[in-house]
Amino acid sequence: DQQVKQNSPSLSVQEGRISILNCDYTNSMFDYFLWYKKYPAEGPTFLISISSIKDKNEDGRFTVFLNKSAKHLSLHIVPSQPGDSAVYFCAARLMNRDDKIIFGKGTRLHILP
Amino acid sequence: DVKVTQSSRYLVKRTGEKVFLECVQDMDHENMFWYRQDPGLGLRLIYFSYDVKMKEKGDIPEGYSVSREKKERFSLILESASTNQTSMYLCASSSNIPGPEAFFGQGTRLTVV
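Residues numbered from 1 in each chain as written. Chains lettered and ligands numbered in written order. Predicted model: local features only at pLDDT ≥ 70, side-chain atom pairs only at ≥ 80, totals over all residues. Heavy atoms only, no water.

Q: Looking at this model, I keep getting lost on the sheet that holds strand β3 (residues 19-25) of chain A. Mind explaining?
A: Residues and elements named next belong to chain A. With respect to topology, 5 strands assemble into an open sheet ordered β1-β3-β8-β7-β6, the strand pairing being antiparallel. In this open sheet, the two edge strands, each paired with only one partner strand, are β1 (4-5) and β6 (56-59). By the bridge criterion, 2 bridges tie β1 to β3 in an arrangement that is antiparallel. The partner of V4 across the bridge, within β3, is Y25. (Pairing = 2+ DSSP bridges. Helix = DSSP H or I, 4+ residues; strand = E, 2+ residues; numbered from the N terminus.)

Structure representation (structure tokens):
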């Protein structure tokens, strides 16, 4: 039973254009959502997060949007650069004392020259 | 900068061996996690710990145990390694302040033959 779903295994975007990565969730008890980027043979690195009480958070080229009614969030990367080619994981934290973080399966982003 | 260090980048073990994966973090984080990453399955939580000597099962704890005797160190133990435990293992740590983002180590690629 997947609580955090990334339905697109891969995405290809032209360099300079906008990349939009999507994530859906099922549990209303998540209080924070996070995006991570992962290169092969390395650990994931934290990109950006958003609290469940907000609907947008921006950091440079990265913006995360949260639609609580739809239980949907998205990561926008503008403009896309070659170094953005990686696997992106959506994650969510459960609102309880254990601070369990649950990850989606990831979306592989290819930035095309 | 937060540093999470895993003791080995690559390990090859034989079926039935007892395997120890060590993880150390230097930021006094309360929470520590062990995940495994497999193609098409994303990051799956094995165990996590929110305090010294405390542990909680994640989604796939079978065949694994953990130890947290000191705050900075979280060990994953494969009691009797099997070939289906061949995977990339990722350790992470997090603090509740200022935010829930977890920081990952570089990963250990374990092959069980």
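Q: Could you clarify how one ought to interpret the layout of surface pockets in this entry?
A: It is the rolling of a water-molecule-sized probe over the atoms that shows where space remains empty. The space that makes up the largest pocket amounts to roughly 400 Å³. Around the largest pocket, the lining is made up of 20 residues, and of these V87 and R108 of chain A together with Q37, P39 and G40 of chain B lie nearest the centre. Broken down by secondary-structure element, the contributors of at least two residues to the lining of the largest pocket are β9 (86-94) and β11 (107-112) of chain A together with β4 (31-38) of chain B. Tallied by class, the residues present in the lining of the largest pocket amount to 9 nonpolar, 6 polar and 5 charged. (1 Å grid on protein atoms, 1.4 Å probe; cavity = no way out; pocket = protein on both sides within 12 Å on 5 of 7 lines; lining within 4 Å. Points joined across faces, edges and corners; volume = space filled by probe spheres on them. Nonpolar A, V, L, I, M, F, W, Y, C, P; charged D, E, K, R; others polar.)

Q: Before we go on, may I ask you to explain the interface of chain B and chain A in this structure?
A: Many analyses report the size of an interface as the accessible area lost when the parts associate. With 23 residues of chain B at the contact, the number on the chain A side is 20 residues. Interface area for chain B against chain A, summed over the two sides, is near 1,900 Å², with a carbon-plus-sulfur share of 59%. Of all residues in chain B, L43, P100 and F104 of chain B bury the most surface against chain A, accounting for 26% of the area lost on that side. Between the two partners, chain B and chain A, sit 0 salt bridges. On inspection of chain B and its partner chain A, the count reaches 5 residue pairs in polar contact (both at pLDDT 80 or more). Of the residues in the side of chain B that touches chain A, the class split is 12 nonpolar, 7 polar and 4 charged. (Contact = heavy atoms within 4.5 Å. Buried area = accessible area lost by both parts, 1.4 Å probe. Salt bridge = Lys/Arg side-chain N within 4 Å of Asp/Glu carboxyl O. Polar contact = N/O pair within 3.5 Å; in protein donor to acceptor, adjacent residues only side chain to side chain.)

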